[in-house]
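Geometric and topological summary
Residue strings, one per chain:
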Amino acid sequence: MKNEEFQNNREKDRAEEEIINQAFQELLNDYLASKHRKRVEIIIKAFNFAKQAHKGIKRRSGEPYILHPIAVAKIVCNEIGLGSTSICAALLHDVVEDTDYTIEDIENIFGPRIALIVDGLTKISGGIFGDRASAQAENFKKLLLTMSNDIRVILIKIADRLHNMRTLGSMLPNKQYKIAGETLYIYAPLANRLGLYKIKTELENLSFRYEHPEEYKVLESKLAETAAERDKVFTEFTAPIRMQLDRMGLKYRILARVKSIYSIWKKMQTKHLPFEEIFDILAVRIIFEPHSAEEELNDCFGIYVAITKIYKPHPDRLRDWISHPKANGYQALHVTLMSNRGQWIEVQIRSERMNDVAEQGFAAHWKYKEGGGSEDEGELEKWLQTIKEILEDPQPDAMDFLDTIKLNLFASEIFVFTPKGDLKTMPQHATALDFAFSLHTDIGSHCIGAKVNHKLVPLSHKLESGDQVEILTSKAQRVQPEWANYVTTARARSKITSILRKEAKVCQKEGEQRWEEFMQQMELTANEENLNKLLKLHHLKSREEFFTLVGSGKINLGETDLNALKEKSTSGWKKLLSFSFGLKEKEDGAEKETEKEEGHGATGEEAERINTKEILKLTEESIAKNYIMADCCHPIPGDDVLGYLDENGRVIIHKRQCPVAARLKSSFGNRIIATEWDTHKELSFLVTIFIKGIDCVGLLNEVTQIISRQLNVNIRKLSIESSDGIFEGRIQLYVHDVEDVRTICKNLKGIQQIKQVTRVED
Ligand code: MN
């Protein structure tokens with residue numbers, strides 16, 4: 001029994017394989033019969049890739065899934081007339097959406113062009129065809145237009161939809177209504193706008209059939225009942241026309257064009273007419289081969305003149321779409337004639353070329369370009385561009401919904417995607433930070449950067465329609481004052497200012513409390529006089545500033561502060577710096593050498609000590625309390641430094657390699673004081689670290705993690721630039737000393753993608 005089942009399954013598999021291969025072979029044959037370049041290899045590659053990716057997956061109908069992409073590719077090839085790039089993209093259109101393969105995989109295997117189209121298709125798919133499809137229909141229409149970077153995305157999407165509509169029968173009824181409604185609302189008008197009349201008509205009919213099955217059935221049977229009568233009318237009416245055209249020596253075909261069920265129904269609705277009173281159900285289409293390309297126009301009007309000699313034309317119903325083609329490229333001559341039965345019949349006169357354009361839209365122009373099958377992609381690009389231009393600059397035929405949307409909405413909005421494919425509307429010029437705040441205030445306030453289309457960008461990056469935006473956050477991140485310059489939306493800006501205001505208040509309060517506690521502990525009075533001493537010590541102007549810094553931990557009240565408060569006390573405090581006026585206990589070779597080089601009375605340091613002190617009549621103690629960090633080189637604890645004793649008895653601390661210090665050494669050698677840092681972790685100093693490396697997912701997060709793990713180190717500012725996969729960042733940090741910087745640099749270097757870490761010496 002089991003064995004039998006197994007056998008059955010194997011047979012079924014083989015039969016399925018056969019169906020798949022046959023469907024693909026048909027596609028290949030159709031492609032080879034077209035005028036496109038014969039790039040069969042890449043199509044086969046795309047087919048094999050998609051087949052393997054969708055392996056084992058079935059559609060609702062029970063068919064192997066791969067038959068769907070093949071069918072879409074067939075529509076793309078036969079009914080829209082596109083070439084190998086589009087066929088490949090059609091074959092691959094559901095791979096990223098439905099399987100584990102990523103867009104990067106597609107790009108690696110099939111190159112950037114196909115990947116871009118598949119990406120566009122995936123974005124549309126993920127965002128819209130979830131459960132919120134109908135709710136987002138309005139957005140979607142706009143999106144399609146803004147996304148028309150490559151119009152093939154839209155053309156393939158239409159083909160995809162057409163096939164889904166053709167196979168809608170196997171879907172659940174509630175899904176059917178939704179998809180049908182969407183098709184009528186979005187895709188049919190779009191197909192019409194692109195000149196894909198045949199597809200537009202089919203989409204409308206299919207939608208109608210699922211939305212109003214009863215009415216559809218009624219009209220279908222009425223059409224069937226009246227078919228014989230129409231045939232008779234058609235034969236009678238066209239007989240004299242055929243004779244005339246034969247006499248003119250033209251190659252032609254005459255088709256009866258029966259109004260689509262949907263169009264009939266629409267006319268019945270809008271004009272409030274019963275079926276029997278719709279008189280233009282039958283139209284006649286004359287499609288001819290011109291004598292030559294130059295004669296095409298003349299032949300058209302020649303036919304017009306000839307047939308109006310047979311039947312009387314309606315004076316108001318000549319439509320000349322030949323001299324003035326429609327915006328979507330449609331060309332034809334429409335004339336309405338009185339039949340011998342006393343009935344108006346519309347006759348459409350078109351050349352074969354015009355007919356192709358009418359049915360396949362602009363894609364058909366492709367066929368008629370000079371040079372047959374050897375066209376390059378450039379030519380293809382050119383007419384795709386034409387369609388794009390039409391979309392971007394629609395003609396004022398007010399009927400078209402695309403026109404109105406384009407005119408009043410596009411100036412002010414862009415459409416971006418979340419990583420999950422949700423569509424968000426943002427004002428034009430919105431930045432990544434705006435987007436972060438639009439998602440949630442928490443996301444905005446902890447935002448450290450973003451990935452736009454998988455590339456790392458800074459907070460201030462301007463978004464564009466169609467961008468996929470992933471916001472990167474870090475718990476360590478805080479709202480920064482300069483963020484107000486990075487946003488354009490009122491929402492983000494007001495959030496930023498209110499957070500900053502709130503934080504400043506909290507900080508100040510916290511700072512004030514800490515100050516009071518500190519004073520209490522030290523058994524001192526927290527009065528104005530003492531506060532001023534500390535303002536002076538930290539070079540600050542206002543108490544608010546002081547409290548904010550204390551509150552945020554950028555100033556840790558400690559022994560230095562205590563010393564400033566207890567001016568007279570000399571014992572029990574630890575200095576930030578020690579200055580040596582005599583021979584140092586440890587020989588500092590470098591320092592000594594420098595001094596010798598400069599040649600300043602190298603009579604020994606003892607002499608110099610006396611010299612300096614006597615000139616300035618200063619005590620070591622007063623010097624120790626009166627120093628400032630040089631603005632030019634911003635030394636921090638741990639840097640190799642030296643002091644310069646200025647006229648006012650202050651010691652200016654420079655890095656030893658600072659150019660200003662070098663000048664001072666050579667000119668005022670006797671005022672230079674050897675200076676050593678004392679260990680301490682009390683004050684914070686600002687340093688900038690530069691990093692450079694290879695951009696990758698999660699990198700920024702790792703960087704901030706490492707920094708925030710370092711005790712008591714705060715990020716002040718983080719700016720990042722990324723181009724062509726290279727990542728460059730500048731991080732401003734508050735650190736205590738060089739040791740902090742060294743640890744951070746060491747840890748940052750531990751990240752594999754980071755190739756360079758340096759402290760910026762400024
Ligand atoms: Mn699909």
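Residues numbered from 1 in each chain as written. Predicted model: local features only at pLDDT ≥ 70, side-chain atom pairs only at ≥ 80, totals over all residues. Heavy atoms only, no water.

Quick look at the packing of aromatic side chains
Basically, it comes down to this: Two rings belonging to Phe, Tyr or Trp (six-membered ring only in the last case) form a pair when the distance between their centres is within 6.5 Å. Interplanar angles under 30 degrees mark stacking, angles over 60 mark edge-to-face geometry, and anything in between is tilted. Secondary structure elements are defined from DSSP: runs of H or I of at least 4 residues count as helices, runs of E of at least 2 residues count as strands, and each element is numbered from the N terminus. Accessibility here uses a 1.4 Å probe with only protein chains present; expressed as a share of the type maximum, an area under 20% marks a residue as buried, one over 50% as exposed, and anything in between as partly exposed. Geometrically, a lysine NZ or arginine CZ counts as sitting over a ring once it is within 6 Å of the ring centre and also within 35 degrees of the ring normal.
Counting across every chain of the model gives 11 aromatic pairs. Judged by centre distance (4.7 Å) and plane angle (55 degrees), the rings of F49 and Y101 are tilted. Here Y101 lies in the loop between α5 (95-98) and α6 (103-128) and F49 lies in helix α2 (residues 40-53), a separation of 52 residues in the sequence. On the accessibility criterion, Y101 (25% relative accessible area) is partly exposed. Ring centres 6.2 Å apart and planes at 35 degrees place the aromatic pair Y262 and W265 in the tilted group. Of the two residues, Y262 and W265 are both situated in helix α13 (residues 261-271); the distance of three residues between them amounts to about one turn of the helix. This pair shows no difference in class: Y262 is buried, exactly as W265 is. Note that K45 overlies the ring of F110, its terminal NZ or CZ placed 5.6 Å from the centroid.

A closer look at the packing of helix α9 (residues 173-193) against helix α10 (residues 197-211)
Spelled out, the test is: Each axis is a line fitted through C-alpha atoms, and for a helix only the stretch in contact is used; angles between axes span 0 to 180 degrees, taken between their N-to-C directions. The cut-offs work like this: below 35 degrees is roughly parallel, past 145 is roughly antiparallel, 65 to 115 is roughly perpendicular, and the gaps in between are oblique. Helix crossings get a hand from a simple test, with the near helix turned counterclockwise from the far one by less than a right angle marking a left-handed crossing and a clockwise turn marking a right-handed one. The contact rule is simple, with two residues in contact once any of their heavy atoms fall within 4.5 Å. Asp, Glu, Lys and Arg are counted as charged, while Ala, Val, Leu, Ile, Met, Phe, Trp, Tyr, Cys and Pro are counted as nonpolar; the rest, among them Gly, fall into the polar class.
Packing of α9 against α10 brings their axes to within 9 Å, and their N-to-C directions diverge by 160 degrees. Considered as vectors, α9 and α10 are oriented roughly antiparallel to each other. The two elements α9 and α10 cross, and the hand of that crossing is left-handed. For the pair α9 and α10, the contacting residues are Q176, Y177, A180, G181, T183, L184, Y187, A188, A191 and N192 in the first and Y197, I199, K200, L203, E204, S207, Y210 and E211 in the second. Taken together, the residues of the contact of α9 with α10 break down into 10 nonpolar, five polar and three charged.

A closer look at the coordination of the manganese ion
Applied cut-off: Water is not among the atoms examined, so metal sites may look incomplete; donors are the N, O and S atoms within 2.8 Å of the metal, or within 3.2 Å for Na, K and Ca.
The manganese ion binds to the protein through H68 (NE2), H93 (NE2), D94 (OD) and D160 (OD), with metal-donor distances spanning 2.1 to 2.4 Å. Read from N- to C-terminus, the donor residues coordinating the manganese ion fall into the pattern H-x24-H-D-x65-D. Classification of H93 by relative accessible area gives buried; the value is 2%.

What to know about the environment of E359
Locating E359 in the fold gives a position in helix α15 (residues 352-360). When the C-alpha positions of E359 and Y197 are compared, they lie 5.2 Å apart, and in sequence the two are 162 residues distant. Other than its neighbours up to four places away in sequence, E359 contacts E79, G195, L196, Y197, K198 and R285.

With respect to the pattern of salt bridges
Operational definition: We count a salt bridge whenever a side-chain nitrogen from Lys or Arg sits within 4 Å of a carboxyl oxygen from Asp or Glu.
For the coordinates displayed, the defined rule picks out 21 salt bridges. For R543, the salt bridge goes to E528, with nearest N and O atoms at 3.5 Å. Residue R543 is found in helix α22 (residues 543-551), and its partner E528 is found in helix α21 (residues 528-537); the two are separated by 15 residues along the sequence. In this structure, K692 engages E728 in a salt bridge whose closest nitrogen and oxygen atoms are separated by 3.5 Å. Separated by 36 residues along the polypeptide, K692 in strand β16 (residues 685-694) and E728 in strand β18 (residues 726-735) bring together distant segments of the chain. For K692, a relative accessible area of 29% translates into the label partly exposed. Overall, E728 belongs to the partly exposed group, its relative accessible area being 33%. By sharing partners, the salt bridges in this structure join E79, R166 and E202 into a single network.

Describing helix α20 (residues 490-521)
For an α-helix the count is 3.6 residues per turn, leaving residues at separations of three or four pointing the same way. Applicable threshold: Multiplying 1.5 Å by the residue count of a helix minus one yields the expected span of that helix.
An ideal rise of 1.5 Å per residue puts 46 Å on 32 residues; α20 measures up with 46 Å between its terminal C-alpha atoms. For α20, the secondary structure elements touched by its buried residues are α18 (432-439), α19 (441-445), α21, α22 and α23 (559-565). Positioned one or two residues after α20, E523 has a phi angle of 55 degrees, which is positive.

This is a description of form; function is not addressed.
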